[in-house]
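# Geometric and topological summary
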Amino acid sequence: MDSYRIAVIGGDGVGPEVLTEGCKVMDAIAELAGFALEYERFPWGCAYYQEHGEMMPQNGLDVLQDFDAIYLGAIGGFGVPDHISLGDLLLRIRRGFDQYVNLRPTRLMAEELCPLKGVSQDEIDLVVVRENAEGEYAHAGGRLYQGTPNEVAVQTAIFTRRGTERIMRYAFDLCRHRDGKKRLTAATKSNANAFTMVFWEEVLQEVARDYPDIEVNWTHVDALVMNLIRKPQWYDVIVASNLFGDILTDETAALQGSLGLAAGANINPERRFPSMFEPVHGSAPDIAGQGIANPIGAVWAGAMMLEHLGEQKAAQVMMGAIEAVLREGQVRTADLGGNASTAEMGDALAAKATELMKD
Ligand code: NAD
Ligand code: IPM
Ligand code: MN
């Protein structure tokens, strides 16, 4: 029986709450699906910082390197400035493990979950391929003359040919192999960012020559956020820079009903390093500790993790369970207008997944 070693970093706020449910659902089906999951839990996050002065140990990446995957809840918001908490943990792992693809799928599973009028179930089915290792998040810059009238802050976006080309190729390949519309949209802003975004479009068009079967278009990101509301059905694969992808994916999360539903995978496609799977949302301090967070984003991220590990059947079953529970509509957390707790939602998903696994 295959056995996978998973590093579990619950993190802060609702992070540990939602991961508990993700593990519950995976554990419900693992044996039936013929594999085992071996979790090792790491207490890293803001509370760890208060005690140790760092979000994770200096050798954190060495520790994580030997795992098959990393399952992360959420980081930030509990007495540690965000740029420190996220920079020292989440962004350090994404960059350090060259997880340059951030894959964020969106599907409308039940019509009434969509905040828009006239959009039917399954009509929204898109994926954002977000560049995850450079761009606006390159961590290049500095501050001078702090606290004086001459103060200067510089944050430089870095777009390399290697980094831009590889994310474009990944997006095109994904588009080619998806059961979608074979339509790739690039988020751009070349009207204002005359260096980076003009380059981004040039690389897009160069790479596009190798994919004549894919319909390619590019849209300034301001128009794109509007069009995603006007006609979300039109989109298939969207490729975006790090910052644009971040912003777009909170929007696409809302289109499917709630940020609590959205999942993401931080992937190192070459598998030189472990990939990391997490819900899109943050630590949600406003609802943390109440047991009411929606765990579906975390469960969906778990399904993406199993798919990455080669457990296609189990991944499909988990997605089937999410779809069925959302469509039946009996068990819904507060963000979806219901009153189920985080654990009740996890129980419902685990029961449904077990049922589907036995079919
Ligand atoms: P957030 O995603 O934590 O919350 C935004 C809103 O969505 C809140 O109203 C929250 O209650 C709601 N929400 C989030 N997850 C939910 C869930 N599972 N179920 C139901 N409702 C949910 O964003 P924020 O408030 O801007 O950030 C809070 C902290 O999290 C900050 O420190 C931020 O930097 C951090 N953050 C971390 C990550 C990450 O770890 N990947 C992602 C985003 C934000
Ligand atoms: C996300 C988050 C992170 C990001 C933050 C917390 C650094 O918003 O994963 O979407 O911007 O990538
Ligand atoms: Mn975000």
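Starting from 1, residues in each chain are numbered consecutively following that chain's sequence as written. The order in which chains are written sets their letters, starting at A; the order in which ligands are written sets their numbers, starting at 1. The predicted origin of the model limits local features to residues at a pLDDT of at least 70 and limits the giving and counting of side-chain atom pairs to 80 or more, whereas totals for whole chains, interfaces and linings rest on all residues. Hydrogen atoms and water are omitted, and side-chain values are computed over all heavy atoms in the structure.

Accessible area lost on assembly of the parts is the figure often given for the size of an interface. Domain start and end points were adopted from an automatic or database domain assignment. Here the chain is partitioned into domain 1 (1-104 + 258-359) and domain 2 (115-256). Each of domain 1 and domain 2 has a C-alpha centre, and the two are 24 Å apart. Taken together, the 20 residues of domain 1 in the interface contact 24 residues of domain 2. Note: buried area is the sum, over both parts, of the accessible area (probe 1.4 Å) each one loses when the two are combined. Of the roughly 1,800 Å² buried between domain 1 and domain 2 on both sides combined, carbon and sulfur atoms contribute 50%. Contact with domain 2 buries surface across domain 1, with Arg95, Tyr100 and Arg104 losing the most and accounting together for 37% of the total. Salt bridges, as used here, are contacts in which a Lys or Arg side-chain nitrogen is within 4 Å of a carboxyl oxygen on Asp or Glu. If you look at where domain 1 meets domain 2, you find three salt bridges. Under this definition, polar contacts are N or O atom pairs within 3.5 Å; protein pairs additionally need one hydrogen-donor-capable and one acceptor-capable atom, and for neighbouring residues in sequence, both atoms have to be side-chain atoms. Where domain 1 packs against domain 2, one counts 11 residue pairs in polar contact (both at pLDDT 80 or more). Elements supplying a minimum of two residues to the side of domain 1 that touches domain 2: helix H4 (82-96), strand E4 (101-107) and strand E11 (263-267). Helix numbers and strand numbers start at the N terminus; a helix is a DSSP run of H or I with at least 4 residues, a strand a run of E with at least 2. Sorting elements by how many residues they give to the side of domain 1 that touches domain 2 places E4 first, with four residues. Residue classes in the side of domain 1 that touches domain 2 are distributed as 11 nonpolar, four polar and five charged. By the convention used here, residues are in contact when the closest approach between their heavy atoms is within 4.5 Å. When residue character is reported, Ala, Val, Leu, Ile, Met, Phe, Trp, Tyr, Cys and Pro are called nonpolar, Asp, Glu, Lys and Arg charged, and the others, Gly included, polar.

All right, on to the nonpolar core then. As used here, the term nonpolar core means buried Ala, Val, Leu, Ile, Met, Phe, Trp, Tyr and Cys residues forming a set that is joined through side-chain atoms within 4.5 Å. Whether a residue is buried, partly exposed or exposed follows from its accessible area with a 1.4 Å probe, protein chains only, as a fraction of its type maximum: under 20%, in between, or over 50%, in that order. With 93 residues, the main nonpolar core has Ile6, Tyr71, Leu184, Leu306 and Ile322 as its most contacted residues. The two domains that each donate at least three residues to this core are domain 1 (1-104 + 258-359) and domain 2 (115-256). Among all residues touching leucine 184, those that are not within four sequence positions of it are Ala171, Phe172, Cys175, Leu204, Ile214, Glu215, Val216, Asn217, Val237 and Val239.

Glancing now at the site of ligand 1. Any residue with a heavy atom positioned within 4 Å of a molecule or strand is treated as near that molecule or strand. Among the 21 residues in the neighbourhood of ligand 1, the closest are listed as Asp82, Gly282, Ala284, Asp286 and Asn294. Between ligand 1 and alanine 284 there is a distance of 2.8 Å, counted from an oxygen atom to a backbone nitrogen or oxygen. Per element, the largest residue contribution to the shell around ligand 1 is three residues, and it comes from H4. A breakdown of the residues in the shell around ligand 1 according to their chemical character gives 10 nonpolar, seven polar and four charged.

With that settled, consider the pattern of salt bridges. Enumeration according to the criterion identifies 23 salt bridges in this entry. Across the pair arginine 178 and aspartate 236 runs a salt bridge whose closest N-O atoms are separated by 3.0 Å. Of this pair, arginine 178 sits in the loop between helix H5 (161-177) and strand E8 (183-188) while aspartate 236 sits in the loop between helix H7 (221-230) and strand E10 (237-240), and the two are 58 residues apart along the sequence. A relative accessible area of 16% means that arginine 178 is categorised as buried. Here aspartate 236 falls in the buried class, since its relative accessible area comes to 0%. Glutamate 323 is the partner of arginine 327 in a salt bridge, and the nearest nitrogen-oxygen pair spans 3.2 Å. On the criterion of helical spacing, the pair formed by arginine 327 and glutamate 323 is a turn pair, its members being four residues apart in helix H10 (residues 312-328). The partly exposed category is assigned to arginine 327, whose relative accessible area is 30%. It is possible to trace a salt-bridge network through shared partners that takes in Arg161, Glu165, Arg169, Glu206 and Asp210.

Lines fitted to the C-alpha atoms define the axes, with helices restricted to the stretch that makes contact. Angles between their N-to-C directions range from 0 to 180 degrees. Packing of helix H9 (residues 296-308) against H10 brings their axes to within 7 Å, and their N-to-C directions diverge by 160°. Classified by the interaxial angle, the pair formed by H9 and H10 is roughly antiparallel. In this structure, H9 meets H10 at a crossing whose hand is left-handed. When H9 is examined against H10, the residues Ile296, Val299, Trp300, Gly302, Ala303, Leu306 and Glu307 are found in contact with a partner set consisting of Gln312, Ala314, Ala315, Met318, Met319, Ile322 and Leu326. Looking at the contact of H9 with H10 residue by residue, the classes come out as 11 nonpolar, two polar and one charged. Oblique is the label for every angle not falling under 35 degrees (roughly parallel), over 145 degrees (roughly antiparallel), or within 65 to 115 degrees (roughly perpendicular). Rotating anticlockwise by less than a right angle from the far helix to the near helix defines a left-handed crossing, while the corresponding clockwise rotation defines a right-handed one.

On the surface, Leu144, Tyr145, Val152 and Val154 cluster together into a nonpolar patch covering about 370 Å² of accessible area. Inspection of the secondary structure puts valine 152 in strand E7 (residues 152-158). Patch criteria: residues need more than 30% relative accessible area and no salt bridge. Like-charged residues are merged within 9 Å; nonpolar side chains of Val, Leu, Ile, Met, Phe, Trp and Tyr are merged within 5 Å. Where accessible areas are quoted, they stem from the Shrake-Rupley method and a 1.4 Å probe; at the residue level, only the protein chains shown are allowed to cover.

The subject of this paragraph is the sheet that holds E10. Strand pairing in a sheet relies on backbone hydrogen bonds. The paired strands run either parallel or antiparallel. Read from one edge to the other, the open sheet built from 10 strands follows the order E2-E1-E3-E12-E11-E4-E5-E10-E8-E9, with strand pairing classed as mixed. Two strands bound the open sheet, and with one partner strand each, they are strand E2 (35-42) and strand E9 (215-220). Looking at each pair of strands side by side, their axes are set apart by 25° on average, direction ignored. Here strand E1 (residues 2-11) pairs with strand E3 (residues 69-74) via five bridges, running parallel. Note on E3: the bridge partner recorded for alanine 7 is isoleucine 70. Sheet strands in contact with helix H1 (residues 14-33) are E1, E2, E3 and strand E12 (275-279), and its direction is about 160° off that of E2. Two strands make a pair as long as DSSP finds a minimum of two bridges between them.

Around ligand 2, the surrounding shell consists of Leu86, Leu90, Arg94, Arg104, Arg130, Tyr137 and Asp246. When isolated, ligand 2 has an accessible area of 320 Å², and the protein chains bury 77% of it. The greatest single-element share of the shell around ligand 2, amounting to three residues, is contributed by H4. Tallied by class, the residues present in the shell around ligand 2 amount to three nonpolar, no polar and four charged. Two domains each provide a minimum of three residues to the shell around ligand 2, namely domain 1 (1-104 + 258-359) and domain 2 (115-256).

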